[in-house]
Number of protein chains: 2
Amino acid sequence: MQATAFSPHDHTHCISSAITHAKGLCAERDVRLTPVRQRVLELIWQSHKPIGAYELLASLAKEGFNSAPPTVYRALDFLSEQGLLHKLESINAYVGCCNPDTPHQGHFLLCQVCHQAQELDSQYITLALKVSADQHGFEMHHHTIEVVGTCQECLNKANMSEAT
Amino acid sequence: MQATAFSPHDHTHCISSAITHAKGLCAERDVRLTPVRQRVLELIWQSHKPIGAYELLASLAKEGFNSAPPTVYRALDFLSEQGLLHKLESINAYVGCCNPDTPHQGHFLLCQVCHQAQELDSQYITLALKVSADQHGFEMHHHTIEVVGTCQECLNKANMSEAT
DNA sequence: GTATGTTATGTTATATTATAACAATCGTCA
DNA sequence: TGACGATTGTTATAATATAACATAACATAC
Ligand SMILES: [Zn+2]
Ligand SMILES: [Zn+2]
Ligand SMILES: [Zn+2]
Ligand SMILES: [Zn+2]
């Protein structure tokens, strides 16, 4: 729970690590991380702000890639199947997965101020969901958790500017 | 946590109770549950299946209401502000709220088979989220939890048809 | 009861997000 | 090579949602 999206960090490391990781996984799984797929993943990892499909598309277009919607949605589908990204349903935007090795659900904190997203991995949340589902005899397949609020950095900034 | 959307129940009671409840709340709050707003709420409560905006719109059109998108989105906005419905972000559909008196977040079980939604009210889930958020110094404003799977009724049906 | 401001609705157009359908190309391996 | 499946190109359209501005209904004050 250390290096968070919200706090300052060496983000070039996030990017390179994500790409290296993705290449490894795709090789292992014998699936193809084609140029457009890799580029979409890189674009998604440009920051910890979830990015929309059409924003990705605009970037691809500038770079000379094909720029019809299916291009980006196919890449997103592929990356999602491989567990390399998550879709944030409440904002229709996509963000890189921090831990694609083990398939899992995305639990996210979304900051309303800086628009960054931090993925959580809480056993308690998963357990609490499982308990609730079990109580209803409900068989869980997957789930979406998106917590919207203000991150610590943005709270600090707000406090500092208030304290004039 | 008894009478669930999934199990057989007197649904006319769900509907009438929801409408009565809504009328009371709107009167208390001095806001207007106009005909179109009330009709949208009734349509949403026709079943425990979340319903899409354009499906609502089609029903309104048949009934002689105005049928341009803003009509239904405005009604949905109003009902949402009053806590009378929830939007399920992962499927872009709307469902009536079971407990509109006390403002709260929607936690939902969505059955992939019968497409019904059951609202949960689990202190454990809320607490687990709060703990995770606190660990990150994150101030929670609202959240979305949508659990997709198979409900008990649909599991039973599947088991029965398997056991030939 | 008329003026006035506010809330709600009507109307047209358009923005945003996503998929269908089919053709062309690329990669792989017999 | 050639046959096959996977990937990409291309065009069109579906599905969801909002902007902008005009009109109507409602409430309160005068
Ligand atoms: Zn980073
Ligand atoms: Zn922030
Ligand atoms: Zn019911
Ligand atoms: Zn079911």
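In short, a report on the structure. (Residues numbered from 1 in each chain as written. Chains lettered and ligands numbered in written order. Predicted model: local features only at pLDDT ≥ 70, side-chain atom pairs only at ≥ 80, totals over all residues. Heavy atoms only, no water.)

Taken together, 6 strands build an open sheet; the order of strands is β4(A)-β3(A)-β5(A)-β5(B)-β3(B)-β4(B) and the sheet is mixed. Of all the strands in the sheet, just β4 (117-120) of chain A together with β4 (117-120) of chain B have a single pairing partner and so form its edges. Averaged over neighbouring strand pairs, the angle between their axes works out to 20° when direction is ignored. Both strand β3 (residues 107-111) of chain A and β4 of chain A contribute to a ladder of 4 bridges, which runs antiparallel. Bridging from a neighbouring strand, F108 of chain A pairs with E119 of chain A of β4 of chain A. Each of β3, β4 and β5 (139-150) of chain A together with β3 (107-111), β4 and β5 (139-150) of chain B touches helix α5 (residues 123-135) of chain A; the most contacted strand, β5 of chain A, lies at about 130° to it. (Pairing = 2+ DSSP bridges. Helix = DSSP H or I, 4+ residues; strand = E, 2+ residues; numbered from the N terminus. Axes fitted to C-alpha atoms, helices over the stretch in contact; angles between N-to-C directions. Contact = heavy atoms within 4.5 Å.)

At the interface, 37 residues of chain B touch 36 residues of chain A. For the pair chain B and chain A, the two sides together bury roughly 3,100 Å², of which 66% comes from carbon and sulfur. Of all residues in chain B, the largest losses of buried area upon contact with chain A belong to H136, F138 and V147 of chain B, amounting jointly to 21% of the total for that side. Linking chain B with chain A are 0 salt bridges. Counting every contact that joins chain B to chain A gives 14 residue pairs in polar contact (both at pLDDT 80 or more). Those elements that provide at least two residues to the side of chain B that touches chain A are β3, β4, α5 (123-135), β5 and α6 (152-162) of chain B. No other element matches the 12 residues that β5 of chain B contributes to the side of chain B that touches chain A. Per-class residue counts for the side of chain B that touches chain A are 18 nonpolar, 16 polar and 3 charged. Relative to β5 of chain B, β5 of chain A runs antiparallel, the two being bridged by 11 bridges. Residue pairing for β5 of chain B: T144 of chain A is matched across the bridge by E146 of chain B. (Buried area = accessible area lost by both parts, 1.4 Å probe. Salt bridge = Lys/Arg side-chain N within 4 Å of Asp/Glu carboxyl O. Polar contact = N/O pair within 3.5 Å; in protein donor to acceptor, adjacent residues only side chain to side chain. Nonpolar A, V, L, I, M, F, W, Y, C, P; charged D, E, K, R; others polar.)

Now for the packing of aromatic side chains. Inspection of the entire model under this criterion finds 4 aromatic pairs over all chains. Note that R37 of chain A overlies the ring of F78 of chain A, its terminal NZ or CZ placed 3.8 Å from the centroid. (Phe/Tyr/Trp six-rings, centres within 6.5 Å; stacked < 30°, edge-to-face > 60°. Lys NZ or Arg CZ within 6 Å of the ring centre and 35° of its normal.)

With that out of the way, let us pick up the packing of helix α2 (residues 35-44) of chain A against helix α3 (residues 53-62) of chain A. Residues and elements named next belong to chain A. It is the contact of α2 with α3, at a shortest axis distance of 10 Å, that shows an interaxial angle of 120°. Relative to α3, the element α2 is oriented oblique. Considering the relative orientation of α2 and α3, their crossing is right-handed. Along the contact surface, α2 presents V36, R39, V40, L43 and I44, while α3 presents L56, S59 and L60. Of the residues contributing to the contact of α2 with α3, the split by class is 6 nonpolar, 1 polar and 1 charged. (Parallel < 35°, antiparallel > 145°, perpendicular 65-115°, else oblique. Left-handed = near helix turned anticlockwise from the far one by under 90°.)

Turning next to the protein's contact with DNA strand D. Around DNA strand D sit 18 residues, and of these T34 and R74 of chain A together with Y54, Y73 and K87 of chain B come closest. Near the protein, within 4 Å, the atoms of DNA strand D are sugar or phosphate in 49% of cases. One of the side-chain N or O atoms of Y54 of chain B is found 2.4 Å from a base nitrogen in DNA strand D. One of the side-chain nitrogen or oxygen atoms of K87 of chain B is found 2.5 Å away from a phosphate oxygen of DNA strand D. Take the surface near DNA strand D: its biggest share by element is 4 residues, from helix α4 (residues 69-81) of chain B. (Near = heavy atom within 4 Å.)

The subject of this paragraph is the coordination of the zinc ion (ligand 3). Residues and elements named next belong to chain B. Those protein atoms acting as donors to the zinc ion (ligand 3) are H9 (NE2), H11 (ND1), C14 (SG) and H48 (NE2), and they sit at 1.9 to 2.3 Å. Its 4 donor atoms give the zinc ion (ligand 3) angles of 104 to 119° at the centre, a pattern that matches the tetrahedral case. Owing to a relative accessible area of 18%, C14 belongs among the buried residues under this scheme. H48 gets classed as buried once you look at its relative accessible area, which sits at 9%. (Donors = N, O, S within 2.8 Å, 3.2 Å for Na, K, Ca; no water. Tetrahedral: all angles 85-135°; square planar, octahedral: opposite > 155°, others 65-115°. Buried < 20%, exposed > 50% of the residue type's maximum accessible area, 1.4 Å probe, protein only.)

On their own, these measurements won't tell you what the molecule is for.
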